[in-house]
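Here's the letter readout for the chains.
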Amino acid sequence: MKWCAVICLLFALVACDELPLAEPCNEELCQLPDCRCSSTDIPGGLQARDTPQFVLVTVDDNINILNIVTYREIFYNRQNSNSCPSGVTFYINHEYNNYVFVNELYNQGFEIALHSITHQLPVTYWKEATEEVMAREFGDQKSQMSHFANIPYESINGMRVPFLELGGNSTYQAVANHGLLYDHTRVTIENVDPGMWPYTLDYASTQDCVIEPCPTASIPGAWVLPMITWTDTAGNPCAMVDDCSQPPPVTDEEAWFRMIVYNFERHYLGTRAPFGVYIHEWYLRIHPAVKRAIERFMDLVNNLDDAFMVNSRDVIEWVKNPVNLTEYRQQPCKTFVPTTCARQNCGPLDAEEHQPGYSYWMEACVSCPRVYPWLNNPLGL
Ligand SMILES: *[C@@H]1O[C@H](CO)[C@@H](O)[C@H](O)[C@H]1NC(C)=O
Ligand SMILES: *[C@@H]1O[C@H](CO)[C@@H](O)[C@H](O)[C@H]1NC(C)=O
Ligand SMILES: [Zn+2]
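What this report covers is the structure whose coordinates are included nearby. This one's a predicted model, so the numbers in the text were calculated from it and none came from an experiment.

Quick notes on the rules
Residues numbered from 1 in each chain as written. Chains lettered and ligands numbered in written order. Predicted model: local features only at pLDDT ≥ 70, side-chain atom pairs only at ≥ 80, totals over all residues. Heavy atoms only, no water. Patch = residues over 30% accessible without salt bridge, like charges linked within 9 Å, V, L, I, M, F, W, Y side chains within 5 Å. Areas by Shrake-Rupley, 256 points an atom, 1.4 Å probe, with all protein chains shown as cover. Salt bridge = Lys/Arg side-chain N within 4 Å of Asp/Glu carboxyl O. Helix = DSSP H or I, 4+ residues; strand = E, 2+ residues; numbered from the N terminus. Near = heavy atom within 4 Å. Polar contact = N/O pair within 3.5 Å; in protein donor to acceptor, adjacent residues only side chain to side chain. Donors = N, O, S within 2.8 Å, 3.2 Å for Na, K, Ca; no water. Buried < 20%, exposed > 50% of the residue type's maximum accessible area, 1.4 Å probe, protein only. Pairing = 2+ DSSP bridges. Arc of directions from axis to C-beta. Contact = heavy atoms within 4.5 Å. Phe/Tyr/Trp six-rings, centres within 6.5 Å; stacked < 30°, edge-to-face > 60°. Lys NZ or Arg CZ within 6 Å of the ring centre and 35° of its normal.

Comments concerning a nonpolar patch on the surface
Here is step 1 of the chain: Residues Leu 121, Val 123 and Phe 163 make up a contiguous nonpolar surface patch of about 260 Å² in total accessible area.
Here is step 2 of the chain: Tracing the backbone through its elements, the reader meets Phe 163 in the loop between β4 (158–159) and α6 (169–177).

Observations regarding the site of ligand 1
Here is step 1 of the chain: Taken together, the neighbourhood of ligand 1 is formed by Glu 18, Leu 19, Leu 21, Asn 169, Thr 216 and Ala 217.
Here is step 2 of the chain: The backbone of Leu 19 places a nitrogen or oxygen atom 2.5 Å from an oxygen atom of ligand 1.
Here is step 3 of the chain: Here Asn 169 contributes a side-chain N or O atom positioned 2.3 Å from an oxygen atom of ligand 1.
Here is step 4 of the chain: Protein chains bury 57% of the 360 Å² of accessible surface belonging to ligand 1 in isolation.

Notes on the coordination of the zinc ion (ligand 3)
Here is step 1 of the chain: Note on the zinc ion (ligand 3): its protein donors are Asp 61 (OD), His 115 (NE2) and His 119 (NE2). The metal-donor distances range over 2.1 to 2.2 Å.
Here is step 2 of the chain: Counting residues between consecutive donors of the zinc ion (ligand 3) along the chain gives the motif D-x53-H-x3-H.

With respect to the pairing of strand β12 (residues 275–279)
Here is step 1 of the chain: With 5 of 5 residues buried, β12 lies mostly within the body of the structure.
Here is step 2 of the chain: Where burial is concerned, the two faces of β12 agree: the one with Phe 275, Val 277 and Ile 279 and the one with Gly 276 and Tyr 278 are both buried.
Here is step 3 of the chain: In this sheet, β12 lies alongside strand β1 (residues 53–60) in parallel orientation, the contact comprising 5 bridges. Among the inter-strand pairings, Val 55 is bridged to a residue of β12, identified as Phe 275.

Details of helix α2 (residues 67–75)
Here is step 1 of the chain: By the burial criterion, the buried members of α2 are Asn 67, Ile 68, Thr 70, Tyr 71, Ile 74 and Phe 75. The arc that holds the buried residues of α2, viewed along the axis, is 155°, so those residues lie on one side.
Here is step 2 of the chain: Close packing links the buried residues of α2 with β1, β2 (89–92), α3 (99–107), β12, α8 (281–286) and α9 (288–302).
Here is step 3 of the chain: Note on α2: the residue one or two positions beyond its end, Asn 77, has a positive phi of about 60°.

Observations regarding the packing of aromatic side chains
The geometry of two aromatic rings is summed up by the distance between their centres and the angle between their planes.
Here is step 1 of the chain: All chains considered together, the criterion is met by 25 aromatic pairs.
Here is step 2 of the chain: Look at Tyr 71 and Phe 75: their rings are 6.0 Å apart centre to centre, the planes differ by 15°, and that puts the pair in the stacked class. Here Tyr 71 pairs with Phe 75, and both are found in helix α2, just 4 residues apart, close to one helical turn. In this structure, Tyr 71 and Phe 75 share a single accessibility class: buried.
Here is step 3 of the chain: A network of ring pairs unites the aromatic residues Phe 54, Trp 197, Phe 308, Trp 318 and Tyr 328 as a single cluster.
Here is step 4 of the chain: The ring of Tyr 153 has Lys 142 sitting right over it, with the charged end atom 4.3 Å from the ring centre.
Here is step 5 of the chain: For the cation-ring pair, Arg 160 lies above Tyr 91, with the distance from its terminal atom to the ring centre recorded as 4.4 Å.

Here's the deal with the environment of Asn 324
Here is step 1 of the chain: Its place among the elements puts Asn 324 in the loop between α10 (312–320) and α11 (325–330).
Here is step 2 of the chain: On the accessibility criterion, Asn 324 (30% relative accessible area) is partly exposed.
Here is step 3 of the chain: In this view, Asn 324 contacts Leu 46 and Asp 50; residues no more than four positions away in its chain are not counted.
Here is step 4 of the chain: Here the side chain of Asn 324 touches Glu 327 through a polar contact of 2.9 Å, landing on its backbone nitrogen.

Put into structure tokens, the structure is as follows:
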């Protein structure tokens, strides 16, 4: 045992840490619920007309006193046509985050997901991130989020890397090693029509690699939830709503609404791959016409019998066990156990090594940390 450990230490970089290379997908061996080949085929062999059209509204970055106002205004108290509450997924990073608001979002039934502790620049930090860096940025963030927002550890299932900058294998090792279900970072511009459905990394992916590096190892159990891009008025791809190079004029609500519906119809009238609306709140705050267009779009979805605005994890759960539209509509709504928040206003908190001399304030649902939580000390002990 001992000599093996020593050899592993010596050769850790070359041998013992090497992941198996993913082989071309074997449809016979790779079967739901735990394995799915990368594919544009509708899960369960369903016809498009029998398939629920899922709409994934996601929001990135920390929650604060400004953006919570927008979330309350546009997301709260929405219902799908099956009378179940509409879902939204929040990919939240730690710095300047208000955990009292995270608790509030959780108690509204929204999904709380991870977006790293530091969200730091340069983007090469994420591109080159090792398994160890990803463990500290996401594995530790899962404990941190659950602790300060007082929400169940198991309720946190997803992640998105800052700047949509995949770390290759290490991103999905973070998923597999920390009890997460999926990552929602990998962009596609080629598998858009028909769209790529979620799949696992047991076998090699056939999805286009837009932002390198993409994973090539076999990482069983890690789900890829592709970000299917929109096309703007000139046909350029946009991954996020604020990311189109030729968007409609930002004051033209009607043109924005038409662009969103045009993109939605490619999915809805096609093979019904999940349709994403990927938001940074600041863009809606400075462009009220865009915000209204998105609200109108959500109203439209909420009134369709065969489209459902859901949390991202719900899509993975459906893909694991696909049921047709009729059966989906008859399922009971998802439930969760509400949690409390003993609001604490914490600060000034010393930033210790990462920003010497700088102090932070932070709102949390549990007792205050000693120092500002950060990498290597995610609970600020
Ligand atoms: C991912 O893992 C495979 C298999 O071990 C390896 O060949 C590849 O270089 C790794 N990719 C990155 C970006 O680390
Ligand atoms: C939907 O699935 C149920 C249960 O498997 C089945 O009884 C029903 O015939 C299906 N409906 C359609 C339209 O395929
Ligand atoms: Zn971000």
